[in-house]
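Structure at a glance
Take a look at the letters that make up each chain.
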Amino acid sequence: MKLLFVASEGAPYAKSGGLGDVIQGLPVELSKRKDVEVTVILPFYRSIKFGSDFQMEYVTSFATMLSWRQIYTGVFKAVSRSRKLTYYFIDNEYYFNRDGMYGDYDDGERYAFFSKAVLESLQYLNYYPDVIHCHDWQTALVPVFLKANYQFGAYQNIKTVFTIHNIEYQGKMPDSFCDEILGLGEEWKNVLHFDDCLNLMKGAIVTADKLTTVSKTYSHEILYAYFSHGLDGILRENQYKLCGITNGLDTDVFNPKKDGKLFLNYGPGDVEGKAANKRHLQERLGLEVRDDVPVVALISRLVAHKGLELVEFMANQLMSMDLQFVVIGTGESRFEDCFRFMEYQYPGKMSANILFDSALASQVYAGADLFLMPSKSEPCGLSQLIAMRYGTVPIVRETGGLFDTVPALNTESLEGRGFTFKLFNAHDMLGAVERAVEFYHNREQWNKHIKNIMKYNSGWKNPADEYLGLYQELTEY
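First things first, this report covers the structure right here in the doc. Only a predicted model underlies this, so the values are computations on that prediction, with no experimental measurement involved.

1. Examining the overall build of the chain
In terms of helices and strands, the chain carries 21 helices and 18 strands. Its C-alpha radius of gyration of 23 Å places the chain within 12% of the 23 Å reference for a compact globule of 477 residues. Structurally, the chain occupies a C-alpha span of about 65 × 50 × 40 Å along its principal axes. Across the 477 residues of the chain, 60% fall into the buried class. Considering only contacts within the chain whose residues lie at least 6 apart along the sequence, 71% involve residues at least 24 apart.

2. Topic: the sheet that holds strand S9 (residues 193–194)
Taking strand neighbours across the sheet as the criterion, the 3 strands line up as S8-S10-S9 in an open arrangement whose pairing is antiparallel. Edge strands, defined here as strands with exactly one partner in the open sheet, are strand S8 (172–173) and S9. The pairing of S8 with strand S10 (residues 197–199) spans 2 bridges and is classified as antiparallel. Across the sheet, residue Met173 finds its bridge partner in S10, namely Leu198. On top of the sheet, helix H8 (residues 200–207) reaches S8, S9 and S10; it is set at about 50° to S10, its chief contact.

3. Section: the pairing of strand S11 (residues 210–213)
Residues Lys210 and Thr212 point to one face of S11 and Leu211 and Thr213 to the other, with burial holding for every one of them. Judged from the 4 bridges that link them, strand S7 (residues 159–164) and S11 form a sheet pairing that is parallel. By the bridge assignment, Phe162 is partnered in S11 with Leu211. Of the strand pairs in this sheet, S11 and strand S12 (residues 242–244) are connected by 3 bridges, and their pairing is parallel. Bridged to Thr213 within S12 is Gly244.

4. Points about the sheet that holds strand S14 (residues 324–328)
Pairing between the strands of a sheet is mediated by backbone hydrogen bonds and can be parallel or antiparallel. If you trace the 6 strands from one edge of the open sheet to the other, you get S15-S14-S13-S16-S17-S18, paired in parallel fashion. Edge positions in the sheet fall to strand S15 (350–353) and strand S18 (419–421), since each of these pairs with one other strand and no more. Neighbour-to-neighbour, the strand axes of the sheet open up by a mean angle of 15°, direction not taken into account.

5. Describing the pattern of salt bridges
One pass over the full model with this rule turns up 29 salt bridges. Residues Arg290 and Asp322 are paired through a salt bridge, measuring 3.1 Å at the closest nitrogen-oxygen approach. Of this pair, Arg290 sits in the loop between helix H12 (271–285) and strand S13 (295–299) while Asp322 sits in the loop between helix H14 (315–319) and S14; the two residues are 32 residues apart in sequence, bridging distant segments of the chain. Under the relative-accessibility criterion, Asp322 is labelled partly exposed at 40%. Notably, a salt bridge pairs Asp465 with Lys461, separated by 3.4 Å at the nearest N-O pair. One end of the pair is Asp465 and the other is Lys461, both in helix H21 (residues 461–475) and 4 residues apart, which spans about a single turn. Under the relative-accessibility criterion, Asp465 is labelled partly exposed at 33%. Judged by relative accessible area, Lys461 falls into the partly exposed class, the value being 48%. Residues participating in the shared-partner salt-bridge network are Glu29, Lys32, Arg33, Lys461 and Asp465.

6. A look at the environment of Lys461
Distance in space between the C-alpha atoms of Lys461 and Gly25 is 9.7 Å, their sequence separation being 436 residues. Discounting residues that sit within four places of it in the chain, Lys461 has contacts with Glu29 and Arg33.

7. Quick word on the packing of helix H4 (residues 107–125) against helix H5 (residues 141–149)
Relative to each other, H4 and H5 sit at 55°, their axes nearing to 9 Å. Taken together, the axes of H4 and H5 lie oblique to each other. Classified by chirality, the crossing of H5 by H4 is right-handed. Packed against H4, whose contacting residues are Ala112, Ser115, Lys116 and Leu119, the element H5 presents Leu141, Val142, Phe145, Leu146 and Asn149 at the interface. Taken together, the residues of the contact of H4 with H5 break down into 6 nonpolar, 2 polar and 1 charged.

8. Focus: the layout of surface pockets
Approximately 260 Å³ is the volume found for the second largest pocket. The wall of the second largest pocket is formed by 19 residues, among which Val271, Lys274, Ala275, Arg443 and Asn447 lie closest to the centre. The dominant element in the lining of the second largest pocket, judged by the number of residues it contributes, is H12, at 6 residues. Residues of the lining of the second largest pocket, tallied by class, amount to 6 nonpolar, 5 polar and 8 charged.

9. Re the packing of H12 against helix H16 (residues 358–367)
In the contact formed by H12 and H16, the axes pass within 8 Å of each other and the chain directions differ by 130°. On the basis of their axis angle, the class for H12 and H16 is oblique. For the crossing formed where H12 meets H16, the hand is left-handed. For the pair formed by H12 and H16, the contact residues are Lys274, Asn277, Lys278, His280, Leu281, Arg284 and Leu285 on the first element and Leu360, Gln363, Val364, Tyr365, Ala366 and Gly367 on the second.

Here is what the cut-offs are and how they apply
- Numbers given for residues are sequential positions, taken from 1 along each chain in its written order.
- Local features in a predicted model are, by the rule used here, given only for residues with pLDDT of at least 70; side-chain atom pairs are given and counted only at 80 or more, and totals for whole chains, interfaces and linings are based on all residues.
- Side-chain measures were taken over the full set of non-hydrogen atoms in the model, leaving aside hydrogen atoms and water.
- By the criteria applied, helices consist of DSSP H or I runs no shorter than four residues and strands consist of E runs no shorter than two, each listed in order from the N terminus.
- Computation of the radius of gyration draws on C-alpha atoms alone. For the globule rule, the value is 2.2 Å times the number of residues to the power 0.38.
- Throughout, exposure labels follow a simple rule: accessible area from a 1.4 Å probe, protein chains only, divided by the maximum for the residue type, with under 20% read as buried, over 50% as exposed, and the rest as partly exposed.
- By the convention used here, residues are in contact when the closest approach between their heavy atoms is within 4.5 Å.
- When DSSP finds two or more bridges between two strands, those strands count as paired.
- Here, axes are lines fitted to C-alpha atoms. For helices the fit covers the stretch in contact, and angles between N-to-C directions go from 0 to 180 degrees.
- We count a salt bridge whenever a side-chain nitrogen from Lys or Arg sits within 4 Å of a carboxyl oxygen from Asp or Glu.
- Orientation is classified from the angle alone, with under 35 degrees giving roughly parallel, over 145 giving roughly antiparallel, 65 to 115 giving roughly perpendicular, and any other angle giving oblique.
- Note on convention: near helix rotated counterclockwise from far helix by under a right angle means a left-handed crossing. Clockwise means right-handed.
- Polarity classes work like this: nonpolar for Ala, Val, Leu, Ile, Met, Phe, Trp, Tyr, Cys and Pro, charged for Asp, Glu, Lys and Arg, and polar for all others, with Gly in that last group.
- Cavities and pockets were defined on a 1 Å grid built from protein atoms only: a cavity is a group of points that admits a 1.4 Å probe but offers it no way out, a pocket is an open group of points flanked by protein on both sides within 12 Å along at least five of seven lines, and a lining residue is one with an atom within 4 Å of any such point.
- Grid points are joined across faces, edges and corners, and a volume is the space filled by probe spheres set on the points.

Next up, the structure:
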């Protein structure tokens with residue numbers, strides 16, 4: 001079976017969040033399967049092209065038609081020893097030789113070109129996959145273009161899967177975009193049109209052969225208006241092809257036994273190793289060095305749907321508890337300022353790190369005792385999986401992938417994995433933190449639980465098996 005993954009980012013080449021991790025972990029796991037060949041196509045961003053660690057070779061070039069434009073399209077290939085996993089990159093200086101990946105005024109046009117160029121490249125590469133697996137709005141036009149422009153020859157046998165990683169970002173464009181940029185007729189405007197504009201994600205929902213989300217619970221949640229950002233009606237119409245598959249984690253990358261960023265490597269049951277990382281973290285961040293106080297961590301984009309207004313509302317009550325609080329992230333100034341002020345109010349107890357630092361993040365995962373994720377919505381979430389991998393107990397709201405991966409802990413039997421709260425309510429969140437802090441002081445049970453969660457199987461094997469079953473259902477392999 002030939003599988004093609006199309007995405008706007010994928011580690012180790014380009015990553016801004018969880019999507020990058022998925023496009024690293026899932027293809028690698030699938031490529032280990034017998035009779036499965038996996039190819040990944042990404043944009044050839046400046047950071048990849050001029051990244052000193054990446055070796056590339058030129059493959060071919062051609063023109064891609066985007067409405068009336070003939071656009072230069074180069075294809076490069078990563079030099080790799082693996083015959084079952086291949087990376088290609090779509091090159092265009094105008095669209096991709098820029099700082100960063102997202103946030104430009106013409107992102108819609110950039111990723112429309114990328115989607116069309118991916119399909120156009122297949123005939124030049126003489127590579128026709130059985131399934132094209134597309135991810136988020138940036139590649140939502142792949143199944144649309146496939147149906148509109150490529151129903152000939154070997155293209156006719158290609159099936160498409162579209163995964164919604166976060167339904168909040170849908171790729172909304174003006175109606176003129178259909179003719180002026182996409183070059184599609186009036187009948188395709190109807191496919192894409194939704195709520196007084198073009199909605200690229202809606203187009204993929206309608207035209208893809210299968211739809212997935214990144215957790216089972218999220219696949220149910222987005223059928224309701226509270227979570228769907230307007231698309232619940234369209235999704236209910238296409239529910240027959242929708243399923244949820246909970247993301248995995250690259251357990252080789254996120255491994256406290258091997259992580260070179262840590263003060264000291266450690267494994268399940270190594271209480272002293274984790275304690276040494278905690279003391280190092282406290283010293284580095286200017287927190288009081290104490291073994292008898294739990295460190296609560298929050299590593300996140302500082303935006304509203306992460307539930308940070310609950311933390312903001314309960315800031316003083318949280319900090320009145322005998323705990324230390326560490327935050328890493330950037331985002332809305334409201335929350336950045338909130339955490340900075342908390343650090344000012346509670347020196348030695350609170351550390352606000354308004355930045356993104358992967359080395360520090362690893363040290364926080366290893367050095368913290370508790371990990372807070374009070375999300376309003378969370379399609380899957382990888383942070384809670386990383387935290388457990390490093391022996392840090394999650395405190396989460398029961399939503400999306402958090403509900404699927406962190407069942408509530410019974411502190412007597414040690415069934416479950418973390419502390420949870422159901423309602424999006426600040427006092428409920430505070431209650432979960434209080435229960436977690438109380439359990440922290442039961443050292444015998446605590447240490448047993450840390451060992452348990454570090455052994456939890458959060459890898460990509462089971463999710464990859466589910467995806468493979470989905471591909472086989474489409475292709476009758």
